[in-house]
Amino acid sequence: MSELRYPNEDRAYREARDSLLKAEQELVDKVKSVAEQRRKLPLGGQLKEDYVFRWANDGKLGTKVRFSELFGDKQSLLLYSFMFGPGWDKPCPSCTSLVDGFDRTWYQVSRDAAFVAIAKAPAERINAWARERGWSQISLVSGSESSYQADYKCQGDGDDMQLPVMHVFRKRDGKIFHFWGTETMSNHVDTVWAYWNLMDFTPEGRPNISTPPQNFRSRFLEEHYPD
């Protein structure tokens, strides 16, 4: 029988908490097991072409950059495609929530892997949105002049029908190969989504809403992506 841990708790709480702790550890073990299975994937297809993008960050806005250059000195590249097409008024609120978090952890992730966010909107519009959101760390590029999003299933029919996808690519023997990509639309990167996971810790749990609370709306998303 476990000892009581916190002030004024009773035995019923401690027993229920210990049972939950066991389930939480099993979840952690499962996540690690899935990650190990992911690492054992056979080599994916070679990159279709060395796509040309345009930087959307301050200081190099509009400058062309090849896909291969996104790696820098790293062997792995995480490339998150967020929903912001050339005809959109504002980006997807959910994607924005994710990139809000990605921007703040970029400096840690980028020590071991390159980490870039891409959208189909022109570089100038991505840059303007980044300024509004305060994104100052994560590398941002526009794929407005490339077929990357279409080739790697980051869009539907047409450049404005964007989809949220995280892809990972790796270098091997001087070539670039696809390693892994999200293939479900339902909370596709839930394990790294700060909002939902933090709300799961609360007594109320995650709210019964499809999008994290935001101070803006995307008219294009609401009109073209019905729930």
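Residues numbered from 1 in each chain as written. Predicted model: local features only at pLDDT ≥ 70, side-chain atom pairs only at ≥ 80, totals over all residues. Heavy atoms only, no water.

Chemist: For the overall build of the chain, give the residues involved together with the corresponding values.
Modeler: Helices and strands together make up the secondary structure of the chain, namely six helices and seven strands. Each helix and strand of the chain, ordered N terminal to C terminal, gives the series α-β-β-β-α-β-α-β-α-β-β-α-α. Counting only C-alpha atoms, the chain reaches 65 × 45 × 35 Å along its principal axes. When the 227 residues of the chain are sorted by exposure, 39% land in the buried category. The long-range fraction of contacts in the chain, counting pairs at least 24 apart against all pairs at least 6 apart in sequence, stands at 64%. Accessible surface computed for the chain: about 13,400 Å², of which carbon and sulfur atoms make up 50%. Mean positive and mean negative side-chain charge positions of the chain (31 and 33 charges, respectively) differ by 5 Å. (Helix = DSSP H or I, 4+ residues; strand = E, 2+ residues; numbered from the N terminus. Buried < 20%, exposed > 50% of the residue type's maximum accessible area, 1.4 Å probe, protein only. Contact = heavy atoms within 4.5 Å. Areas by Shrake-Rupley, 256 points an atom, 1.4 Å probe, with all protein chains shown as cover. Lys, Arg positive; Asp, Glu negative; His and termini not counted. Charge placed at Lys NZ, Arg CZ, Asp CG, Glu CD.)

Chemist: An account of the nonpolar core is requested, with residue identities and associated values reported.
Modeler: Residues Tyr80, Phe82, Phe84, Trp88, Phe102, Ile126 and Leu140 are the most contacted members of the largest nonpolar core, which totals 30 residues. Breaking this core down by element, the ones donating at least two residues are helix H2 (93–109), strand S4 (114–119), helix H3 (123–133) and helix H6 (219–224). Setting aside its immediate chain neighbours within four residues, Phe82 contacts Cys95, Val99, Ala117, Ile118, Ala119, Ile126 and Trp135. Counting 20 residues, the second largest nonpolar core, distinct from the first, contains Val65, Leu79, Val141 and Tyr152. (Core = buried A, V, L, I, M, F, W, Y, C linked by side-chain atoms within 4.5 Å.)

Chemist: Requested: an account of the layout of surface pockets, with residues and values cited.
Modeler: Of the voids in this model, the largest pocket is the one considered here, and its volume is about 1,400 Å³. As for the largest pocket, its lining consists of 37 residues, and the residues nearest its centre are Val31, Val189, Asp190, Thr191 and Val192. For the lining of the largest pocket, the elements supplying multiple residues, two or more each, are helix H1 (11–39), strand S3 (76–81), H2, strand S6 (165–172), strand S7 (175–181) and helix H5 (194–199). Of all the elements, H1 adds the most residues to the lining of the largest pocket, at ten residues. Taken together, the residues of the lining of the largest pocket break down into 22 nonpolar, nine polar and six charged. (1 Å grid on protein atoms, 1.4 Å probe; cavity = no way out; pocket = protein on both sides within 12 Å on 5 of 7 lines; lining within 4 Å. Points joined across faces, edges and corners; volume = space filled by probe spheres on them. Nonpolar A, V, L, I, M, F, W, Y, C, P; charged D, E, K, R; others polar.)

Chemist: Tell me what's going on with the pairing of S3, and back it up with residues and numbers.
Modeler: Here S3 pairs with S6 via six bridges, running antiparallel. Residue Leu77 lies in a different strand from S6, and its bridge partner there is Phe169. Bridge count between S3 and S4: five bridges; the pairing is parallel. Note that in S4 the partner of Leu79 across the bridge is Val116. A crossover connection joins S3 to the parallel S4 through H2; in handedness this β-α-β unit is right-handed. (Pairing = 2+ DSSP bridges. Right-handed = clockwise from strand over helix to strand, strands pointing away.)

Chemist: Can you break down the pattern of salt bridges residue by residue, with the values?
Modeler: For the structure on display, the rule yields 15 salt bridges. Here Asp200 and Arg206 are joined by a salt bridge, their closest N and O atoms 2.7 Å apart. (Salt bridge = Lys/Arg side-chain N within 4 Å of Asp/Glu carboxyl O.)

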